[in-house]
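Coordinate inspection notes
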Amino acid sequence: MTTNSQDFLGIEKNQIESKDITLVEAVNLALHRAMSLDETVVLLGEDIGKNGGVFRATDGLQEQFSLSRVMDTPLAETSIAGAAVGMAVAGLKPVAEIQFMGFIYATFEHIICHAARMRNRTRGRLTCPLVLRAPFGGGIHAPEHHSESTEALFAHIPGLRVVIPSSPARAYGLLLAAINNPDPVIFLEPKRLYRAEKLPVIDNGESLPLDKCFTLREGSDLTLISWGACIQECLAVVDRFNSSSDSSSASIISIELIDLATVKPIDFSSLDASIKKTGRCLIVHEAAKTCGIGAEIAAHVAEHLMPYCKAPVKRLTGFDTVMPYFKNEQHYLISELDIEAAITEVINNSF
């Protein structure tokens, strides 16, 4: 996807004003922009056309771009993934929606065995520029198969990118980049944040870089790394620590908050620079602890950054259990109090 000095309506980019929208509206806006600029971008998924998707992420797109570009499919995730692979190899840029991450496992055969291997298998003759979108995570009182956080499964697969936005602006920019990427991208959208707040987004067609993390707050005492919905709680906690009015207190903690955003591949160079500066690292993620993305980051710190560390690296994660039903959901999800306690532990547990 290319962008010129003017958008498709002929409006200068510097004349486009930002507007406050939700994360799910930013997804819709990015899809609209991509389809407007590139006729090879097509959408497919269950109920995405007439109904606009279960969360209305594709609302109105079929009316504007026709049945041939926004396609309702049968309730068959295996077929959705297989069709997307075929479309991508044939020269289209399919964006396939899986209604919930808990339904994504039926796509493994096509995504892992074909999409992820296409470039290698054909020695670069063919690529597979598809995006597989899915809402993920808990927090909306849904059953367990509708509340999965299993991003580490896809992160383990060579040939796949795994991208997780945590704000409307990053959802917009990262989705545009994912659609334009020549290789497959798993694009996971934290549904707890879909309508959590409205933030400014500029619809200028500009993408954000994949494979890069975003420093949301700068600090000097501790590096806090997170992604997805947990960013919301992390931001609230970090802002409380960093904005303390008692600047003379010896207990002031300056925290650097990093949104990982692309969880495969990980931008270790940015993480390294931050941890070398702060000497402490806390990783927060909603997914289960064992073999999670946090474990990979912690292993990297242990292997490469121990001379710079003032305290052991710590992970604050979900439990190694199935996501409970809504009555117990809050016991599984990470709270601001949990994050505050973990920060205090890391600060006090120095070598």
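Residues numbered from 1 in each chain as written. Predicted model: local features only at pLDDT ≥ 70, side-chain atom pairs only at ≥ 80, totals over all residues. Heavy atoms only, no water.

1. Focus: empty space enclosed by the protein
Over the atoms, a rolling probe the size of a water molecule traces out where space has been left empty. By the definition in use, this model includes one cavity of 30 Å³ or more. Roughly 50 Å³ of volume is contained in the largest cavity. Every residue along the wall of the largest cavity is listed here: Phe136, Glu151, Trp227, Gly228, Ala229, Cys230, Glu286 and Ala287. Class assignment for the residues of the lining of the largest cavity results in five nonpolar, one polar and two charged. (1 Å grid on protein atoms, 1.4 Å probe; cavity = no way out; pocket = protein on both sides within 12 Å on 5 of 7 lines; lining within 4 Å. Points joined across faces, edges and corners; volume = space filled by probe spheres on them. Nonpolar A, V, L, I, M, F, W, Y, C, P; charged D, E, K, R; others polar.)

2. As for the packing of aromatic side chains
What the rule picks out here adds up to six aromatic pairs. Aromatic side chains Phe55 and Phe100 sit 5.5 Å apart centroid to centroid with 70 degrees between the ring planes, which places their arrangement in the edge-to-face category. Remark: Phe100 occurs in the loop between strand 4 (93-97) and helix 4 (108-115) and Phe55 occurs in the loop between strand 2 (41-45) and helix 2 (61-65); sequence separation between them is 45 residues. Taken as a pair, Phe55 and Phe100 share a single burial class, namely buried. Aromatic pair Phe319 and Tyr332: ring centres 5.9 Å apart, planes at 65 degrees, arrangement edge-to-face. (Phe/Tyr/Trp six-rings, centres within 6.5 Å; stacked < 30°, edge-to-face > 60°. Helix = DSSP H or I, 4+ residues; strand = E, 2+ residues; numbered from the N terminus. Buried < 20%, exposed > 50% of the residue type's maximum accessible area, 1.4 Å probe, protein only.)

3. Description of the side chain of Asp203
Tracing the backbone shows Asp203 in the loop between strand 8 (199-201) and strand 9 (214-217). What makes Asp203 buried here is its relative accessible area of 16%. Side-chain polar atoms of Asp203 contact the side chain of Tyr172, separated by 2.5 Å. Once residues lying within four places of it in the same chain are set aside, the contact partners of Asp203 are Ile16, Leu29, Arg33 and Tyr172. (Polar contact = N/O pair within 3.5 Å; in protein donor to acceptor, adjacent residues only side chain to side chain. Contact = heavy atoms within 4.5 Å.)

4. As for the pattern of salt bridges
A full pass over the atoms with the stated rule returns 14 salt bridges. A salt bridge links Arg133 to Glu97, with the nearest nitrogen and oxygen atoms 2.8 Å apart. Of this pair, Arg133 sits in strand 5 (residues 131-136) while Glu97 sits in strand 4, placing them 36 residues apart in sequence. A relative accessible area of 2% means that Arg133 is categorised as buried. Taking the shortest distance from any N to any O, the salt bridge between Glu336 and Arg240 comes out at 2.9 Å. Here Glu336, found in helix 12 (residues 336-348), pairs with Arg240, found in helix 8 (residues 230-242); they are 96 residues apart in sequence, far enough to count as distant. Residue class for Glu336 comes out partly exposed when judged on its relative accessible area of 29%. With relative accessibility at 41%, the residue Arg240 sits in the partly exposed group. (Salt bridge = Lys/Arg side-chain N within 4 Å of Asp/Glu carboxyl O.)

5. Structural notes on the layout of surface pockets
Volume-wise, the largest pocket comes out at about 280 Å³. For the lining of the largest pocket, the elements supplying multiple residues, two or more each, are helix 6 (151-155) and strand 13 (281-288). It is helix 6 that contributes the most residues to the lining of the largest pocket, three residues altogether. The class makeup of the residues in the lining of the largest pocket is eight nonpolar, six polar and three charged. By volume, the second largest pocket amounts to about 200 Å³. Together, 13 residues line the second largest pocket, and Ala155, His156, Ile266, Ile293 and Glu296 are the ones closest to its centre. For the lining of the second largest pocket, the elements supplying multiple residues, two or more each, are helix 6, strand 12 (262-264) and helix 10 (293-304). Here the lining of the second largest pocket gets three residues from one element, more than from any other, and that element is helix 10. Looking at side-chain class alone, the lining of the second largest pocket contains nine nonpolar, two polar and two charged residues.

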